[in-house]
Each structure stands twice: as structure tokens, then as C-alpha cells.
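As a plain string of letters, each chain reads:
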Amino acid sequence: MQSKLLFGVTFILTTAVVVVGFLLHNLERQQAAQVCFENHCFDVELAVTPGERRNGLMFKETLEENSGMLFVFEGSGVHSFWMKNVPISLDIIWFDEGGRVVDVAENAQPCPEMPCPSIGSGKEANYVVEINGGAARRLGLKVGDKLTIKY
């Protein structure tokens, strides 16, 4: 009887530690991040884990004017995207670890049904930011420009 009670208490405490750790991790991750170009900044949601990067902005009906999503990769690589279940057009901007823009896909269009085309730059990047379609052109953002991430 005593061993069952000890097991139960240990199980509850272990579960509580895991849940609290998960909640603290998520709270840390919800800190505001910004991607800035010259004097214009976008408040971005972070996509750091493979699951977050896979889901991206799927099912997001609207995107505030100065907001977006920042995809953070473990290292430099060629990263492709698609617009499956993304109901809004987006500008997709690839940039390297130094913040230099290596490619821009303007006005990527929603893909309501399969097959959805892959949108890639063919150039290595460490980060990708997605913002509302047309914003890059409006700001004059182009390959070679510098972006800054503020966590």
C-alpha cells in the first residue's frame, strides 16, 4: 500500500514538473520578437521547432499590417515553403546569419487545393520571414538589404 502511495506521489510530482517546464518554455517563447528593415519593424511570431515551421501561418485568416512570422533554422540551408491552407498572400524573405536578404518571393498566393507548388529561393538562408503580400515592394526591400532581429 505504501509503495502505491509513493508511486502515485512521485508520478504526480513528475507530471507537475513536466507541465510547469512546458508552460515556462512557452512563456519564454511568447516574448515579442521583431524583424526590422531600416526604420520599419514587424512584430513576428516565432517558428523554431519543426512542428511550428511546418504549420507556419496555416489557417491564419488575417495578418496585422506590421506583423508576420519568423522561421528560425538550426543552420544555413535551402528552405522551401508552400501556401497550403494559408488563405492570405504573403511575401517570403530569406536571409542569412548576417541579416543579408538572399531572396524575396513577392505575393505568394494561397493554395486552396492540392497539389500546391513549392516556393523556394535555391539560396542558403538561416532565417525566413513571412509578411503580408506587397509589403516588401512597398518598403523597397530587396536582395542585399539588411534585416535585424530583435528578441
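Let me sum up the structure you'll find in this document. Nothing here was measured: the structure is a model prediction, and the numbers come from that model. (Residues numbered from 1 in each chain as written. Predicted model: local features only at pLDDT ≥ 70, side-chain atom pairs only at ≥ 80, totals over all residues. Heavy atoms only, no water.)

### Re the packing of aromatic side chains
So, point 1. All chains considered together, the criterion is met by 3 aromatic pairs.
So, point 2. Measuring from ring centre to ring centre gives 4.9 Å for Phe71 and Phe81, while their planes differ by 75°; the resulting arrangement is edge-to-face.
So, point 3. On the numbers, 5.2 Å between centres and 25° between planes, the contact of Phe95 with Tyr127 is stacked. Here the residue Phe95 occupies a position in strand 4 (residues 90–95), and Tyr127 occupies one in strand 6 (residues 119–132), the gap between them amounting to 32 residues. (Phe/Tyr/Trp six-rings, centres within 6.5 Å; stacked < 30°, edge-to-face > 60°. Helix = DSSP H or I, 4+ residues; strand = E, 2+ residues; numbered from the N terminus.)

### So, the side chain of Glu130
So, point 1. Secondary-structure assignment places Glu130 in strand 6.
So, point 2. One buried charge, Glu130, has no salt-bridge partner; the nearest side chain with opposite charge is Lys60, at 11 Å.
So, point 3. Those residues in contact with Glu130 that lie beyond four places of it in its chain are Leu57, Ser67, Gly68, Met69, Phe71, Phe81, Leu90, Asp91 and Ile92. (Buried < 20%, exposed > 50% of the residue type's maximum accessible area, 1.4 Å probe, protein only. Lys, Arg positive; Asp, Glu negative; His and termini not counted. Salt bridge = Lys/Arg side-chain N within 4 Å of Asp/Glu carboxyl O. Contact = heavy atoms within 4.5 Å.)

### Focus on the state of the cysteines
So, point 1. Within this structure, the stated rule accounts for 2 disulfides.
So, point 2. Note that Cys36 is cross-linked by a disulfide to Cys41, the S-S spacing being 2.0 Å. Disulfide Cys36-Cys41: the torsion about the S-S bond is 105°, which places it as right-handed.
So, point 3. The exposure class of Cys41 is partly exposed, given its relative accessible area of 25%.
So, point 4. Linked covalently through their sulfurs, Cys111 and Cys116 form a disulfide whose S-S length is 2.0 Å. One disulfide, between Cys111 and Cys116, carries an S-S torsion of -95° and so falls in the left-handed class. (Disulfide = S-S within 2.5 Å.)

### Comments concerning the pattern of salt bridges
So, point 1. Per the stated rule, a full pass over the model turns up 3 salt bridges.
So, point 2. Residue Arg53 is joined to Glu74 by a salt bridge in which the shortest nitrogen-to-oxygen separation is 3.4 Å. One end of the pair, Arg53, is in helix 2 (residues 50–55); the other, Glu74, is in strand 3 (residues 67–81), with 21 residues separating them in the sequence.
So, point 3. Look at Arg53 and you get buried, because its relative accessible area is 15%.
So, point 4. For the salt bridge of Arg137 with Glu106, the shortest nitrogen-to-oxygen distance reads 2.8 Å. Of this pair, Arg137 sits in helix 3 (residues 135–139) while Glu106 sits in strand 5 (residues 101–108), placing them 31 residues apart in sequence.
So, point 5. Classification of Arg137 by relative accessible area gives exposed; the value is 61%.

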